[in-house]
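Residues per chain, in single letters:
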Amino acid sequence: MSDLDVSAVKLLLIDDELPSLKLMEAILKQAGYEKITTTTDPRQAVPFYQEVKPDLIATDMRMPHMDGFEVLRQLTAVIPAEDYVPILVITGELDAPTKHRALAEGAKDFLNKPVDATEVVLRIKNQLVTRQLHRQLHMHNEHLEAQVRLRTKIVEQTQLDLLNRLALAAEYRHDATGGHAWRVGRMAMLLAEIKGLPADQVDMIKKTAPLHDIGKVGLRDSVILKDGPYVTADWEAMKQHTKIGSRLLSDSRAPLLMMAREIALTHHERWDGTGYHGIKDVQIPLAARIVALADAFDIMTHPCSYKPTMTLSEAKIEIHMQAGKQFDPDLSALFIQLIDREGEKLLAATGPLQLVA
Ligand SMILES: [Fe+2]
């Protein structure tokens, strides 16, 4: 490889016999290597590696205090795999078991003793070229991974932007309390967390819960904007928002949209089966049972035209009373724990979803 500048290459040579060490050093200097660190003490292998950060290491096998196998073991333990620092073994004992063991311990090549100058120079250069290619490949891979990370982030940001805009559309259409969608998203996330769901499920619930009422964009003004008590026909019309929401979000294979659709369709189901579509208990998707609690609690505790605003204590009592009727009893108990833990913070305003850095 013509662009290998041997004068810049750092070598570490370990051999207890000073004459052998001097000979190797002389051969390598003759070949243009200038940065050569040598030691006759194998115990210095790791400290010298850490100080010099050599591009290649050559070590003898038979040495006092520590044999070459131990040197290999200690060095390979501290050299990061992605650094690819080749270690060559210099030995006169090149029987098959020694070779096999040295290779297994991490040696990349062998140098016979007594050393042959031409062979030493060629074998070392081969290993340095391999190291250079390895590092180029590693850098190329890192560059590709950085590009993939960047593109993934752009996709995630686009996804969040679209989800936020959809939730905002529903909020423009009908939000008696202001910021309802985002509060429901945050509370659903906290409830999913306290329920012990895996982090990816918690994240999906956080992102999809704000879309629960997206179907309201398809309701008539006479229903949405009605000022006064609803009659049966109004409630029947209002119920359609779950089906409209489901249609809006249907036919996607994206897990986020699949969950959003499930929530939009079933967030008004009741544990006892007396909800919009008559689904009951665990037949109601868990995400929808979570959102049902967050949705109802948020409406209870925020002012709106058709009902009085409850205090936290009143809302807790209501949830307790509805556990096993309107709400999943286990989730109700957890939600009451959440109210006790978070207090007034649960009622605080929150905004659209942000991408976590
Ligand atoms: Fe709804």
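Keep in mind the model is a prediction, meaning the values are calculated, not measured.

### Focus on the pattern of salt bridges
Then comes step 1: Under the definition given, this model contains 20 salt bridges.
Then comes step 2: Across the pair Lys22 and Glu25 runs a salt bridge, and its minimum N-O distance is 3.7 Å. Of this pair, Lys22 and Glu25 both sit in helix H1 (residues 18-30), separated by three residues, roughly a single helical turn.
Then comes step 3: Residue classification places Lys22 among the partly exposed residues on the basis of a relative accessible area of 48%.
Then comes step 4: Glu70 is the partner of Arg73 in a salt bridge, and the nearest nitrogen-oxygen pair spans 2.7 Å. Note that Arg73 and Glu70 are positioned in helix H3 (residues 68-78) at a spacing of three residues, about one turn of the helix.
Then comes step 5: In this structure Glu70 comes out as partly exposed when scored by relative accessible area, which is 24%.

### What about the domain arrangement of the protein chain?
Then comes step 1: Here the domain parsing of the protein chain yields domain 1 (6-143) and domain 2 (174-347).
Then comes step 2: Each of domain 1 and domain 2 was reduced to a C-alpha centroid, and the two centroids are 66 Å apart.

### A closer look at the coordination of the iron ion
Then comes step 1: Within the first shell, the iron ion binds the protein through Asp213 (OD), His241 (NE2), His267 (NE2) and His268 (NE2), at distances of 2.0 to 2.4 Å.
Then comes step 2: Mapped onto the polypeptide sequence, the residues donating to the iron ion form the spacing pattern D-x27-H-x25-H-H. With a gap of 26 residues between them, His241 in helix H9 (residues 232-248) and His267 in the loop between helix H10 (255-266) and helix H11 (286-301) connect regions that are remote in the sequence.
Then comes step 3: His267 sits in the buried class, given a relative accessible area of 3%.

### Considering helix H13 (residues 329-342)
Then comes step 1: Over its 14 residues, H13 extends 20 Å from the first C-alpha to the last, a length consistent with the 20 Å expected when each residue adds 1.5 Å.
Then comes step 2: Inspection of H13 places Leu331, Ser332, Leu334, Phe335, Ile336, Leu338, Ile339 and Glu342 among the buried residues, and these make up the whole buried set.
Then comes step 3: Buried-residue contacts for H13 involve helix H6 (180-194), H11 and helix H12 (312-322).
Then comes step 4: The N-terminus of H13 is capped by Asp328, whose side-chain oxygen sits 2.9 Å from the backbone nitrogen of Asp330.
Then comes step 5: One or two residues past the end of H13 sits Gly343, with phi positive at roughly 55°.

### Overview of the packing of aromatic side chains
Then comes step 1: If you walk through the whole model with that rule in mind, you get one aromatic pair.
Then comes step 2: Ring centres of Phe297 and Phe335 lie 5.1 Å apart, and the angle between their planes is 65°; on these two criteria the pair is classed as edge-to-face. One end of the pair, Phe297, is in helix H11; the other, Phe335, is in helix H13, and 38 residues separate them in sequence.
Then comes step 3: Cation over ring: Lys99 sits above Phe110, and NZ or CZ is 5.8 Å from the ring centre.
Then comes step 4: It is Arg101 that lies over the ring of Phe69; its NZ or CZ is 3.8 Å from the centre.

### Quick word on the UniProt feature "modified residue: 4-aspartylphosphate" (unreviewed entry) in the protein chain
Then comes step 1: In the numbering used here, UniProt assigns the "modified residue: 4-aspartylphosphate" (unreviewed entry) feature to Asp60.
Then comes step 2: A relative accessible area of 3% places Asp60 in the buried class.
Then comes step 3: The residues touching Asp60, leaving out its near neighbours within four places in the chain, are Ile14, Asp15, Asp16, Gly68, Ile90, Thr91 and Lys113.

### Regarding the pairing of strand S3 (residues 56-60)
Then comes step 1: Of all five residues that make up S3, five are buried, and the element is covered over most of its length.
Then comes step 2: Inspection of the sheet shows strand S1 (residues 10-14) paired to S3 by four bridges, in the parallel sense. In the sheet register, Leu12 faces S3, and the bridge partner there is Ile57.
Then comes step 3: In this sheet, strand S4 (residues 87-91) lies alongside S3 in parallel orientation, the contact comprising four bridges. Residue pairing across strands places Ile57 opposite Ile87, the latter belonging to S4.
Then comes step 4: With H3 bridging S3 and its parallel neighbour S4, the resulting β-α-β unit is right-handed.

### Side note on the sheet that holds S4
Then comes step 1: Pairing in this open sheet of five strands is parallel, and the strands run S2-S1-S3-S4-S5 from one edge to the other. Every interior strand has two partners, whereas the edge strands, strand S2 (35-39) and strand S5 (109-112), have only one. Taking the axes of each pair of neighbouring strands and ignoring which way they run, one obtains an average angle of 20° across the sheet.
Then comes step 2: Across the sheet, helix H2 (residues 45-52) is in contact with S1, S2 and S3; its angle to S1 comes to roughly 170°.
Then comes step 3: H3 rests against S1, S3 and S4 of the sheet, and its axis sits at about 175° to S4.

### A word on the confidence of the model for the protein chain
Then comes step 1: On average, residues of the protein chain score 90 in pLDDT, and 95% of them reach the 70 mark or higher.
Then comes step 2: Across the protein chain, S1 holds the top mean pLDDT of 97, while helix H8 (residues 221-224) sits lowest at 84.

### Thoughts on the pairing of S2
Then comes step 1: Strand direction decides the pairing type here: S1 and S2, joined by five bridges, are parallel. Counterpart to Leu12 in the pairing with S2 is Thr37.
Then comes step 2: After leaving S1, the chain enters H1 and then returns to the sheet as S2, a path that is right-handed.

Conventions adopted
- Residues numbered from 1 in each chain as written.
- Predicted model: local features only at pLDDT ≥ 70, side-chain atom pairs only at ≥ 80, totals over all residues.
- Heavy atoms only, no water.
- Salt bridge = Lys/Arg side-chain N within 4 Å of Asp/Glu carboxyl O.
- Helix = DSSP H or I, 4+ residues; strand = E, 2+ residues; numbered from the N terminus.
- Buried < 20%, exposed > 50% of the residue type's maximum accessible area, 1.4 Å probe, protein only.
- Domains from an automatic or database assignment.
- Donors = N, O, S within 2.8 Å, 3.2 Å for Na, K, Ca; no water.
- Expected span 1.5 Å × (residues − 1).
- Contact = heavy atoms within 4.5 Å.
- Polar contact = N/O pair within 3.5 Å; in protein donor to acceptor, adjacent residues only side chain to side chain.
- Phe/Tyr/Trp six-rings, centres within 6.5 Å; stacked < 30°, edge-to-face > 60°.
- Lys NZ or Arg CZ within 6 Å of the ring centre and 35° of its normal.
- UniProt positions renumbered as here; feature names shortened; annotations may be inferred.
- Pairing = 2+ DSSP bridges.
- Right-handed = clockwise from strand over helix to strand, strands pointing away.
- Axes fitted to C-alpha atoms, helices over the stretch in contact; angles between N-to-C directions.
- pLDDT = per-residue confidence, 0-100.

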